[in-house]
Amino acid sequence: MGSVHKATFVLLMFCLAVLGRAEYLKYKDPKQSIGVRIKDLLGRMTLAEKIGQMTQIERENATTGVLSKYFIGSVLSGGGSVPSSKATVAAWQSMVNEMQKDAMSTRLGIPIIYGIDAVHGHNNVYKATVFPHNVGLGATRDPELVKRIGEATALEVRATGIPYVFAPCIAVCRDPRWGRCYESYSEDPNVVRSMTTIISGLQGDDPSDIKGRPYVGGSKKVAACAKHYVGDGGTFMGINEGNTIIDNDGLMTIHMPAYYNSIIRGVSTIMVSYNSWNGKKMHANHHLITDFLKNKLKFRGFVISDWEGIDRITTPQHLNYSYSIEAGVGAGIDMIMVPFAYTEFIDGLTSQVKNNIIPMSRIDDAVYRILRVKFTMGLFENPYADPSLMGELGKQEHREIAREAVRKSLVLLKNGKSAYTPLLPLPKKAGKILVAGSHADNLGNQCGGWTITWQGLTGNDNTTGTTILSAIKSTVDPSTQVVFSENPDSTAVDSGNYDYAIVVIGEPPYAETFGDSLNLTIPAPGPSVIQTVCRSVKCVVVLISGRPLVVEPYIGAMDAFVAAWLPGTEGQGVADVLFGDYGFSGKLARTWFKSVDQLPMNVGDKHYDPLFPFGFGLTTQANK
């Protein structure tokens, strides 16, 4: 070999050796501190890669190649957005993994964070355990139970390969006319604060002394999201997405306290609310998002918008999208939920940064926070679904926790026409009993909104669980005859020779604005069923609802009255208490008004004249 050829050969071998030795990337080294990893990665990112991280798109738009092309940082399932009807756990895992592969195929390989509304269990998913909605959990006054619900929910969500939930809702609902009131634990900020234990259940307990930074304890936990910041439960007349008219002191003492607790617990993300505060849209409120939440409260996770939240800064929405981008991102929102118009958002934000309308420092703050959550939760090390968790979905231990939650959430408001003649607990052994009403044998009605679909569904074939009727049948003595009639006529009731009747009525499923109601009446035929049955048979009325309803006209006809809220899939919990296997222990976390003319009326108000006051709840002893 000549000297020239030899030199060429050596140079070639040197080049191959350099190419073969992958460059050491600090951000990919889990031994480095999170701060070092974020700074290293941020320093390598282009503007397109940064803006991609700030963009969250809907699952149906995350088709092959989209995530890598636009460097998308997050994908979500909106209510009812699923891989297929009644999709299996394997189908969910496969979908999330395919998206993750696409995201990881980019130059820097940054994983997406997939988010979903798991607001009472993993409620979008077929066969998941559906826990009582928050209005019921508030009545338990049991923060430890709520933490266990968080732990179970985290496992079921991870079973489908998803690492992020848009929960809990820590709204303080001050007016039951609001269609989201059932998503609130209570009208009392102290009860709501106590229930932030669910964050520690979802994310794990932060073992460090550094409070306020995001924390997720490994791949069996999920990142949580405290929502909706701030004042969503205080709007005028309970109008969803409306205007919360309250002074700064009221905002801070009623609507803000649960956020302090959430931040101390290490909540990873906070979602901005659709509502306005004294006329100013929260999605454009720089003072509350940046000055207060980030700078004063030292929140270190990321702030996310609500669904098309920046679009709604203008009326009508999306009227001036470039202004919406400037106002929303400028206010301090880090990740923008743009389910559909993501290219418009990316182009608009890119242009504003290039034209110095939005400073690069604002973009870097947003991306730093998003990466902090992703590194903290171990997404870079474990981006894919864990097949060993598949069996966690809807498993029996979780259903037992849900059943316990149902038992503890039931509030007994009346027991006997006089204190000397209690009806409850009911005897299991009887000749013949009547079960009536639209909600006795209807799993969908029992679960309410945010179940399988956004608005919820009526009927029994949408997911798996136990209806109240089937729970009653499995609880009573085998010799007891159970007759079910959804809407019996008076002749059948009068001639039926029933020992007693259980009437289960209530609201149909609804979510958000569709649930706003100015009259709060029990939907037909509920009132007529009460009158028909209770006129001639000893009856207990079980009300399935997302809030107190107008019951004063009918309360005299009832022998007993139980508020069961929206109990979810485990209807057996209702029968457990009706028949005395457990005692009633729930206490109202909401004031029960006499008439809607009194609203808003909350505990501590000057003219407080309720039908049943906040904290009320009769108790019974379990049968020995």
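Presented here is an overview of the structure given in this document. Quick caveat, the model's predicted, so the values are computed rather than measured.

A few words now on the overall build of the protein. Each helix and strand in the protein was counted, giving 22 helices and 17 strands. In terms of overall size, the protein behaves like a compact globule, its C-alpha atoms giving a radius of gyration of 27 Å where 624 residues would be expected to give roughly 25 Å. Over its C-alpha atoms, taken along the principal directions, the protein stretches across nearly 115 × 55 × 45 Å. Evaluated residue by residue, the protein yields a buried proportion of 62% over its 624 residues. Surface exposure of the protein reaches about 22,900 Å², of which carbon and sulfur atoms provide 55%.

This part takes up the state of the cysteines. Summed over all chains, the structure comprises two disulfides. Each sulfur in the disulfide pair C534 and C539 lies 2.0 Å from the other. Judged by the sign of its S-S torsion, about 105°, the bond between C534 and C539 is right-handed. In this structure, C534 and C539 share a single accessibility class: buried. In the protein, the bonded cysteines, taken in the order they occur along the sequence, pair up as 1-2, 3-4. Here C169 is not cross-linked by a disulfide; its sulfur's nearest cysteine counterpart is in C173, at 9.3 Å. C447 forms no disulfide, and the closest cysteine sulfur to it belongs to C169, at a distance of 18 Å.

To continue, consider the environment of G212. Within the fold, G212 resides in the loop between α9 (197-203) and β5 (225-229). Using a relative accessible area of 5% as the deciding quantity, one classes G212 as buried. As for G212 and N248, which are separated by 36 residues in sequence, their C-alpha atoms are 23 Å apart.

This part covers the nonpolar core. Ranked by internal contacts, the top residues of the largest apolar core, which has 192 residues, are Y229, L578 and W592. Shared between two domains, this core takes at least three residues from each, and those domains are domain 1 (44-389) and domain 2 (410-510 + 518-598). Leaving out residues up to four positions away in the same chain, Y229 has contacts with M256, Y259, I270, M271, V272, S273, M282, L288, I289, F292 and L293. By size, the runner-up hydrophobic cluster in this structure holds five residues, among which are A171, C173, W178 and C181.

This part is about a nonpolar patch on the surface. Among the surface-exposed residues, F236, M237, I239, I245 and L518 lie close enough to one another that they form a single nonpolar patch of about 490 Å² accessible area. Residue placement: I239 occurs in the loop between β5 and β6 (243-244).

Turning next to the pattern of salt bridges. The tally for this structure, following the rule as stated, stands at 32 salt bridges. Linking R180 and E512 is a salt bridge whose minimum nitrogen-to-oxygen distance equals 3.4 Å. Linking R180 in the loop between β4 (164-165) and α8 (189-194) with E512 in the loop between β15 (500-506) and α20 (526-534), this pair joins segments that are 332 residues apart in sequence. Judged by its relative accessible area of 4%, R180 falls in the buried class. For D334, the salt bridge goes to K294, with nearest N and O atoms at 2.8 Å. With D334 in the loop between α13 (321-331) and β11 (336-337) and K294 in helix α12 (residues 286-296), the pair connects residues that are 40 residues apart, well separated along the chain.

In this section: helix α15 (residues 360-376). For an α-helix, the turn length of 3.6 residues means that residues three or four places apart are oriented alike. When the terminal C-alpha atoms of α15 are compared, their 24 Å separation across 17 residues agrees well with the 24 Å that a helix rising 1.5 Å per residue should span. Of all the residues in α15, the buried ones are R362, I363, A366, V367, R369, I370, L371, R372, V373, K374, F375 and T376. Just downstream of α15, G378 is the residue with a positive phi angle, here 80°.

Moving on, we come to the layout of surface pockets. Put simply, the largest pocket is a space of about 350 Å³. Y274, W307, W450, W454 and E512 are the residues nearest the centre of the largest pocket, which is lined by 21 residues in total. Of the residues that constitute the lining of the largest pocket, the class distribution is nine nonpolar, five polar and seven charged. In this structure, the second largest pocket encloses a volume near 250 Å³. Along the wall of the second largest pocket there are 18 residues; nearest its centre are R174, G234, T235, I245 and P600. Listed by contribution, the elements that provide at least two residues to the lining of the second largest pocket are β6 and α10 (248-255). In terms of residue class, the lining of the second largest pocket is made up of seven nonpolar, eight polar and three charged.

Glancing now at the packing of helix α2 (residues 34-44) against α15. Packed helices, taken two at a time, are described by their axes: the angle between them and the distance between them. Axis separation between α2 and α15 bottoms out at 10 Å; the angle between their running directions is 130°. Relative to α15, α2 is oriented oblique. Considering how the two elements wind past one another, α2 and α15 form a crossing that is right-handed. Residues I34, G35, R37, I38, K39, L41 and L42 of α2 pack against D364, V367, Y368, L371, R372, F375 and T376 of α15. Taken together, the residues that form the contact of α2 with α15 break down as eight nonpolar, two polar and four charged.

This part is about α13. Regarding α13, the residues found buried are Y321, S324, I325, A327, G328, V329 and A331. Residues of α13 that are buried make contact with α12, β11, α14 (342-354) and α15. Positive backbone phi, at 120°, marks G332, one or two positions downstream of α13.

When you line up the elements, N124 lands in the loop between β3 (113-116) and α6 (134-140). A relative accessible area of 3% means that N124 is categorised as buried. Not counting residues within four places of it along the chain, the set of residues in contact with N124 comprises S77, G78, G79, G80, S81, V82, I116, D117 and I452.

Now for the packing of α13 against α14. Running from N to C, α13 and α14 point in directions that differ by 70°, and their axes come no closer than 10 Å. Our classification of the angle between α13 and α14 gives roughly perpendicular. The chirality of how α13 crosses α14 is right-handed. Two secondary-structure elements touch here, α13 through Y321, S322, I325, E326 and V329 and α14 through E344, F345, G348, L349 and Q352. Here the residues of the contact of α13 with α14 are counted per class, giving five nonpolar, three polar and two charged.

Another point: the pairing of strand β7 (residues 269-272). A regular strand carries its side chains on alternate faces of the sheet. Burial of β7 is two-sided: the residues T269 and M271 facing one way and the residues I270 and V272 facing the other way are all buried. Where β5 and β7 come together, four bridges link them in parallel fashion. The residue of β7 that forms the bridge with C225 is T269. As paired strands, β7 and strand β10 (residues 302-304) are joined by three bridges and run parallel to one another. Opposite T269, over in β10, you have F302 as the bridge partner.

Parameters at a glance
- Residues numbered from 1 in each chain as written.
- Predicted model: local features only at pLDDT ≥ 70, side-chain atom pairs only at ≥ 80, totals over all residues.
- Heavy atoms only, no water.
- Helix = DSSP H or I, 4+ residues; strand = E, 2+ residues; numbered from the N terminus.
- Rg over C-alpha atoms; globule rule 2.2 N^0.38 Å.
- Buried < 20%, exposed > 50% of the residue type's maximum accessible area, 1.4 Å probe, protein only.
- Areas by Shrake-Rupley, 256 points an atom, 1.4 Å probe, with all protein chains shown as cover.
- Disulfide = S-S within 2.5 Å.
- Core = buried A, V, L, I, M, F, W, Y, C linked by side-chain atoms within 4.5 Å.
- Domains from an automatic or database assignment.
- Contact = heavy atoms within 4.5 Å.
- Patch = residues over 30% accessible without salt bridge, like charges linked within 9 Å, V, L, I, M, F, W, Y side chains within 5 Å.
- Salt bridge = Lys/Arg side-chain N within 4 Å of Asp/Glu carboxyl O.
- Expected span 1.5 Å × (residues − 1).
- 1 Å grid on protein atoms, 1.4 Å probe; cavity = no way out; pocket = protein on both sides within 12 Å on 5 of 7 lines; lining within 4 Å.
- Points joined across faces, edges and corners; volume = space filled by probe spheres on them.
- Nonpolar A, V, L, I, M, F, W, Y, C, P; charged D, E, K, R; others polar.
- Axes fitted to C-alpha atoms, helices over the stretch in contact; angles between N-to-C directions.
- Parallel < 35°, antiparallel > 145°, perpendicular 65-115°, else oblique.
- Left-handed = near helix turned anticlockwise from the far one by under 90°.
- Pairing = 2+ DSSP bridges.

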